[in-house]
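Coordinates in review
So the chains spell out like this:
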Amino acid sequence: MRSYVLRRLLQVVPLLLGISALTFLLLQLAPGDFLTTVSENPQVSAAALEQMRRNFGLDQPWYVQYLLYLKNIFLHFDFGESFAYHRPVFVVLRSGLLNTLLLASAAMVVTWGLAIPLGVIAAVRQHTPVDRALSVGAFVWLSLPEVLTGLLLLMLAARTGWFPVGGMHSDDASSMGAAARALDVARHLVLPAVVVGLIPLASRMRQMRASLLDVLRLDYVTTARAKGLSEGRVVVGHALRNAMNPLITLFGFTLGSLVSGSFVAETIFSWPGLGSITLEALRSQDQYLVLGAVLMASFVLVLGNLVADLLLAVADPRIAHG
Amino acid sequence: MRIETKGRGHFARALAAGAVLALAAALGGAGGCGGAKPQAPWVDHEPPPPDPMVTPMAEIGVHGGRFRIGATTGPKTLNPVVANENSSNDVCGRLYTSLTDVDYTTGDDVALLAKSWEFSPDDRTVTFHLRHGARFSDGHLITSEDVKFSFDLYLDDTLATSVATMLSEPDPRTGRRVKFSYSAPDSYTFTVTSPRPDALMLPATGSVRILPKHVLGAAYAEGRFASAYGIDTPPESLVTSGPWRLKELVPNEKVELERNPYWFGVDANGSRLPYLDAIVFVVTKDQSGAALKFEAGEIDALDNVSPADYPAWERGQKKGGYRLYDLGPSYNTNFLWFNLNPAPPGPDGRSPGPAVGKVKYAWFSKADFRRAVSKAIDRDALIAGPLHGFGFRNWSTMTRGNAKWYDSTIAGVDHDPEGASRLLAGLGMKDRDGDGVLEDAQGNKVEFGIVTNADNEWRQQMVNLIRDDLSKVGIRASLVPLEFNTLLTRVRNDFQYDACLLGLGSAVPADPGMGQNVWKSSGSTHYWRLRSPKPATAEEARVDVLMDRLVHTRDFAARRAAWHEIMQIVNDQCWLVWLPVMDLRLPIRSRFGNVAPSPMPHRILWNSDRIFVRPGHRGS
Amino acid sequence: MAEPAAAPPHSPRALFWRRFRRSPLAVAGGALLIVLYALALFAPFVAPYAENDIDRGRFYHPPTLLHWVDASGRFHAGGFVYATVRDPGSESGWREDRSRPVPLRWLARGARWKLLGLVPSDRHLFGVPAPERVFVFGADQLGRDVLTRALFGAQVSLTVGLVGIALSFAIGLLLGAISGYVGGWVDEGLMRLTELLLSIPALYLIVALRAVFPVQLPSRDVYLALVVILALLGWAGLARVIRGMVLGIRQHEYVLAAEALGMSRTRIIVRHILPNTLSFVVVAATVAVPGYILGEVVLSFLGMGVQEPAASWGNMLAQARSLAVLRSSAWMLYVPSLAIFATVMAFNLFGDGLRDALDPRGLTGGRA
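Residues numbered from 1 in each chain as written. Chains lettered and ligands numbered in written order. Predicted model: local features only at pLDDT ≥ 70, side-chain atom pairs only at ≥ 80, totals over all residues.

**Quick look at the overall build of chain B**
A count of helices and strands for chain B gives 18 helices and 24 strands. Its C-alpha atoms give chain B a radius of gyration of 28 Å, within 12% of the compact-globule value 25 Å for 620 residues. If one aligns the C-alpha atoms of chain B with their principal axes, the spans along those axes are about 100 × 80 × 50 Å. With 620 residues in all, chain B has 49% of them scored as buried. Within chain B, residue pairs in contact and separated by at least 24 positions form 69% of the contacts whose partners lie at least 6 positions apart. (Helix = DSSP H or I, 4+ residues; strand = E, 2+ residues; numbered from the N terminus. Rg over C-alpha atoms; globule rule 2.2 N^0.38 Å. Buried ≥ 20, exposed ≤ 12 C-beta atoms within 10 Å, placed from the backbone. Contact = placed C-beta atoms within 7 Å.)

If you want it as structure tokens, here you go:
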């Protein structure tokens, strides 16, 4: 078991290396560089641009830049500086990552908080109108473009005043106590979490349903019923716990994909997450910032997968030794 | 098989979910006006400034209140020397002072840190007399040492700032840039000398933001200056010289500025400014999100409003408690030009010819062709369509809203489709095969592409209409939207495009001299023939001479005459095909006084030290 | 279609149809898809105008309502619309001129077009004589008929999915099968590559790839570039699943027999292995198409989708996101939204029904 964990952890490093190489390559292939937009200012002289190019190391050939980048990572654990912010990459990204993780977690709570009970209902009421209605209902949310749902909910917030219109804190949040501040964030979190969380609901609900149906067919369930236990106890007490096993791996995958997938909601609701910083960095070709952001997001994704696989290995030891 | 509705655990889960939702709704309902605690009346804890600057304003205000404004992105740095984008400059403009400022109504220079100045008889040296007793936000005195230090920073070659261009002159003999020289003879005197008289001397020196030597000197000496005053600098360490200092910066969310207790500006009664307790920049990435926030009362002003929304904003003024200010024509211009650049030199160091190819160059290089295109464009439709009727014809970078420089006698080549067809026929262009598209004398179809930036919805609409206009005179143009960075690379480096539609923003001050790089043939934004080693035509040579005169004399009448002639030549040659400019309107809450938005940036906060909350409107 | 009263049909195909027909929603989804694709194919015919038909006098014109009986009581068999005049006082800026009914012409003559680029025609399903206009769903910011734009947009949005999955599935199937069957270094290498592609968040990869693509492309070619990009991302997931399936199939007796007979590897992969993955692939494909359609919407949201003057549902939606539109020209927002919603919903329901019919026990993996 331990060797399996170790093996998986070690695999992460070459993976991240490969990701950084691919991203760097793509950045180089795109025309222009960070200074292209800077040069648009009529006041900036050619000499100034040249100097800036030297400062940022952009006058070096791309392989030299990449090797220097790697050297800095492995020797000094320095992931480079953002050209626009003039600060180390992780200083810039830190808050964005935490905010996105918060949103992703809240979205997951929404997803699973609904998928589990609704999946159970769909399973026990298999093939009835209730089952079909739940399916269709979840599909509806999946089929509406996020752009539209986000905008409509934002308008709802503006018109009714029930929820704040975007953002993560109220503008006077710093004068609140810790508890009030947490509640403030929670209020801001509701709408974006709903928009993001309801999207994967359809497939998660289906998976819950399928998994529970599989378990309900098993022998020990029939035994439990024969023993005279109520259906509720059979389903929730015995079957559900086992039905959740295959789904545990999905927690990891969901979190990982939500990290970058919440970008549209983050923009519409002005949620200060990783997505917008990264996209802006991509557009302005702020290369070390992009690399840092992609590595960070990929790391979370990979970590999510790893945790999921580990949980699966714990539940099903054959995998670790197979 | 009968199945019970809910099992125990199931019910508990549902209950929990319901509780969470109920809690969320309760929190939502309990929202509203965030924590309005009654503010204690303002008391000035510091002794009054010994050499105060009496700031002109429309009405005397009262202290207190907050002003929240939307920003598309957060600032990337609070270091004014290395800041390169609007989001950072908007905030830095509030935090730091400079020697002089520009009056937003007259365009003249006004005193700021320098309470007076005089020019030497040869007009090359200006001597500033600094205010005594002005202090930084930590109480430290501001002296000429700090001014000199700030100049050192801006003119440092390794930091490569854009202000350095304004503070230097190309030497006519060697072509290399010679920096202005400067010195601090005593603690409250500062002199700057330029090689030749410079009309923009004061705007140039006024661009240098005064930074504290006692805080940043060490970082500069050690080469760490570029990363100083970044987004993670603790507010107590961020010492500023302007009316505001940093209270809190939450990355990508908000920047809160609070009153600088040592600011030397006062109102006519001698009360220290600024009136407001705080300014908050609220990051709202999305324009529709920002508008909704404004409607909901979460922010107090909006910028970059689309003309499509003006009628709705107009109607909602009373109910929404705001006023829609009409600023008149924007200073941001739009124009179209043709690529006359030579292709980049090959391995032998020589250019193989015009970048667009000989065929297209033969059309574009003829003034009549460019005039025909300008005549073909229906500017009324451009105003009615993309601008929804809220636009003005414009023939110069100094638009009608610019009181100091606007010249109504400058003529442009306006809509005249018959005239366009005549000019094109005169160039030998006829539709010989009857397909609706002209062919030139050699039989090539007259068609070309117009590039513009893909993310600007508005410019694309304009190109779409222009295409339609051109097809009516037989020219087949196509719209080529490009990503902005790609567009700039094309336009500035490899010249792989035919025609381009872009615009210029407003400089501060809005003086034609600030656009030297556009009009001079050697300029780096002389788009149609970037960085020419020598002027390509007699007209370009004449413009070079006039531009030189415009920049190097301080006689306003002579400058205006030079500008007039420059624009006449430019418009006659149609190097730029002018397009209409937008009528600017901004909604700002009525409860604020001394609000005087201007087309020059920062449109709303340029006089942030004078804005106040009218009594009786405190709270929400 | 009566079913035989005696023994139920045994052939897999008949079983499949029976199961499929059991779900009316899936059948409805399938039918809707057929209608949508037909509309897209015949878009130039159904649409009364050409794709980029600008009308300078009618920016943001509201929908022209269809009537049958006019103000004077006359009945028009083919329906009619009223001519409109500007009315600054009204909410939309226009009002109907009841004195001027304009009868609808069916199979009217209009802009020229070519079916599949080959067969020319100038007939349209309906239209009104110029200078009047019929705007079933109103006009956009350049006076172009929203219905027309939506129909031409359907051509883009509906084919993005098909072409995209064709490409990505072709690549994914082939590489997955090869990887699973051949094993060894090839397998290791390919799996590392897929892991790499799957570990980078999709959005960033799309944006980065988009910036790389050559630039001076006409609008429709940008769409092709988009499809290629989306496909280059999509193959990785499928390849991994196919590989897993192939690893299992490889052990089956008929494969071992074929190997023993000396059949070439390629033939084994193509003739024996791939057909057994078919049911899974069909379902996965149907379920993946919505992802492409919605992906195009997100790219247009970012300003990197299909560009003007070409129409796509994504760029119609992106342009309609202003408050002005929501307040007074909401049709510009709802038409593309409804179109996207209907298509994605149809694919989802159809795919769901397919899955239940082909593979009711969820044996070949259920992760969407």
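**Regarding the domain arrangement of chain A**
Residue and element names in this part refer to chain A. What the domain assignment reports for chain A is domain 1 (31–78) and domain 2 (93–320). For domain 1 versus domain 2, the separation of C-alpha centres amounts to 39 Å. Facing the four residues of domain 1 at the interface are four residues of domain 2. Residue composition of the side of domain 1 that touches domain 2, by class: one nonpolar, two polar and one charged. (Domains from an automatic or database assignment. Nonpolar A, V, L, I, M, F, W, Y, C, P; charged D, E, K, R; others polar.)

**With respect to the interface of chain C and chain B**
Contacts between the two partners involve 19 residues from chain C and, on the opposite side, 25 residues from chain B. No other element matches helix H12 (residues 323–328) of chain C, which puts three residues into the side of chain C that touches chain B.

**A word on the sheet that holds strand E11 (residues 244–250) of chain B**
Residue and element names in this part refer to chain B. Strand order in the open sheet formed by four strands is E2-E14-E12-E11, with mixed pairing between adjacent strands. Edge strands, defined here as strands with exactly one partner in the open sheet, are strand E2 (66–71) and E11. The sheet shows a mean angle of 20° between the axes of neighbouring strands, direction not considered. As judged from the six bridges shared by E2 and strand E14 (residues 278–283), these two strands associate in the parallel manner. If you follow Arg68 over to E14, its bridge partner there is Val280. Each of E2, E11, strand E12 (254–259) and E14 is contacted by helix H2 (residues 86–95), which is oriented at about 145° to E11, the strand it contacts most. (Pairing = 2+ DSSP bridges. Axes fitted to C-alpha atoms, helices over the stretch in contact; angles between N-to-C directions.)

**Examining the interface of chain A and chain B**
By a frequent convention, interface size equals the accessible area lost on bringing the separate parts together. Facing the 67 residues of chain A at the interface are 70 residues of chain B. Looking at the side of chain A that touches chain B, the elements with two or more residues in it are helix H2 (34–38), helix H3 (46–56), helix H5 (89–124), helix H7 (146–160), helix H8 (178–197), helix H11 (231–261), helix H12 (263–268) and helix H13 (274–284) of chain A. No other element matches H5(A), which puts seven residues into the side of chain A that touches chain B. When grouped by side-chain class, the residues that make up the side of chain A that touches chain B number 32 nonpolar, 26 polar and nine charged.

**Quick notes on the sheet that holds strand E17 (residues 391–392) of chain B**
Strand pairing in a sheet takes place through backbone hydrogen bonds and is either antiparallel or parallel in direction. Residue and element names in this part refer to chain B. Strand order across the open sheet formed by three strands is E15-E22-E17, with antiparallel pairing between neighbours. Single-partner strands in this sheet number two, and they are strand E15 (322–329) and E17. Here two bridges tie E17 to strand E22 (residues 581–589), and the two strands are oriented antiparallel to one another. Paired with Phe392 across the two strands is Val581, which belongs to E22.

**Overview of the confidence of the model for chain A**
Counting all residues, the mean pLDDT for chain A is 82, and 95% of those residues have values of 70 or more. By mean pLDDT, the top-scoring element of chain A is H8(A) (91), and the lowest-scoring one is helix H15 (residues 318–321) of chain A (54). (pLDDT = per-residue confidence, 0-100.)

**Let's talk about unusual backbone geometry**
Residue and element names in this part refer to chain B. Cis geometry marks the peptide bond from Val508 to Pro509, where omega comes out at -5°. Following the sequence through the fold, Pro509 ends up in the loop between strand E20 (499–504) and helix H16 (516–519). Along the chain, Pro601 connects to His602 via a cis peptide bond; the corresponding omega equals -5°. Tracing the backbone through its elements, the reader meets His602 in the loop between strand E23 (592–593) and strand E24 (612–613). The phi dihedral of Tyr229 falls on the positive side, at around 55°, and the residue is not glycine.

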